[in-house]
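One letter stands for each residue in the lines below.
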Amino acid sequence: MRARAITRTVLAGALALASLGGMTPATAATRRVLVVDNFFQPAARRVPRGTTVRWVNQGQNRHTTTSVKGLWDATLDPDEAFARRFRRVGRFRYYCEIHDGMVGRIRVVA
């Protein structure tokens, strides 16, 4: 019986920490976008507010993930990654400055 009480206390504490700053356990997640030579995979991703999106360059060439509105700009060599947390609801388009036609978008929902 004591183990259950401890488990409930630990779980309650974890939920309280996750709720700080408007986060909930469901939104405190990370989603991955693969950067492959000449495309982002997936090219469009829908995520809850508070999610961190992590771009991982699995291609053989250098790429960028560059916000159309200038919100971020990261250059990734092969096997490098870049992460950004999306706190606002909206649509965020991005592209690779090096390779024409490499485009993607993140849609952040409440």
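It should be noted that the structure appears before, not after, this text.
Here we summarise the structure given alongside this text.

1. Looking at the overall build of the protein chain
1) Next: If you tally the helices and strands in the protein chain, you get 1 helix and 9 strands.
2) Next: Each of the 110 residues in the protein chain was classed as buried or not, and the buried ones make up 32%.
3) Next: Considering only contacts in the protein chain between residues 6 or more positions apart, those separated by 24 or more positions represent 49%.
4) Next: Roughly 7,100 Å² of accessible area belongs to the protein chain as shown, and the carbon and sulfur atoms make up 51% of that amount.

2. Notes on the pattern of salt bridges
Between side chains of opposite charge, pairing is possible as soon as their charged atoms come close.
1) Next: The tally for this structure, following the rule as stated, stands at 1 salt bridge.
2) Next: Residue Arg62 is joined to Asp77 by a salt bridge in which the shortest nitrogen-to-oxygen separation is 2.7 Å. Taken together, the residues span a long stretch of sequence, with Arg62 in the loop between strand 4 (52–57) and strand 5 (63–67) and Asp77 in the loop between strand 6 (73–76) and strand 7 (81–85) at a distance of 15 residues.
3) Next: Judged by its relative accessible area of 45%, Arg62 falls in the partly exposed class.
4) Next: A relative accessible area of 28% means that Asp77 is categorised as partly exposed.

3. Here we look at the sheet that holds strand 4
1) Next: Taken in spatial order, the 4 strands of this open sheet run 2-1-4-7, and their pairing is mixed. In the strand order of this sheet, the two ends are held by strand 2 (39–41) and strand 7, each with one partner. Across the sheet, the mean angle from the axis of one strand to that of its neighbour is 20°, orientation sign disregarded.
2) Next: Strand direction decides the pairing type here: strand 1 (residues 30–36) and strand 2, joined by 3 bridges, are antiparallel. Following the sheet pairing, Val36 is matched in strand 2 by Phe39.

4. Observations concerning the sheet that holds strand 6
1) Next: On the basis of which strands lie adjacent, the open sheet formed by 5 strands has the order 3-9-8-5-6 and mixed pairing. Edge strands, defined here as strands with exactly one partner in the open sheet, are strand 3 (44–48) and strand 6. Averaged over all pairs of adjacent strands, the angle between strand axes in this sheet comes to 20°, irrespective of strand direction.
2) Next: Here 4 bridges tie strand 5 to strand 6, and the two strands are oriented antiparallel to one another.

5. Examining the side chain of Arg84
1) Next: Tracing the backbone through its elements, the reader meets Arg84 in strand 7.
2) Next: If sequence neighbours within four positions are ignored, Arg84 has contacts with Thr51, Thr52, Val53, Trp55, Leu71 and Trp72.

6. Examining unusual backbone geometry
Glycine aside, residues mostly have negative phi, and peptide bonds are mostly found in the trans state.
1) Next: Geometrically, the link from Gln41 to Pro42 is a cis peptide bond, its omega value of 0° lying close to zero.
2) Next: Here Pro42 lies in the loop between strand 2 and strand 3.
3) Next: Positive phi, normally seen in glycine, also occurs at Asn38, with a value near 85°.
4) Next: Tracing the chain through its elements places Asn38 in the loop between strand 1 and strand 2.

The rules behind the values
- Residues numbered from 1 in each chain as written.
- Predicted model: local features only at pLDDT ≥ 70, side-chain atom pairs only at ≥ 80, totals over all residues.
- Heavy atoms only, no water.
- Helix = DSSP H or I, 4+ residues; strand = E, 2+ residues; numbered from the N terminus.
- Buried < 20%, exposed > 50% of the residue type's maximum accessible area, 1.4 Å probe, protein only.
- Contact = heavy atoms within 4.5 Å.
- Areas by Shrake-Rupley, 256 points an atom, 1.4 Å probe, with all protein chains shown as cover.
- Salt bridge = Lys/Arg side-chain N within 4 Å of Asp/Glu carboxyl O.
- Pairing = 2+ DSSP bridges.
- Axes fitted to C-alpha atoms, helices over the stretch in contact; angles between N-to-C directions.

It is worth stressing that arrangement in space is one thing and function is another; only the former is reported here.
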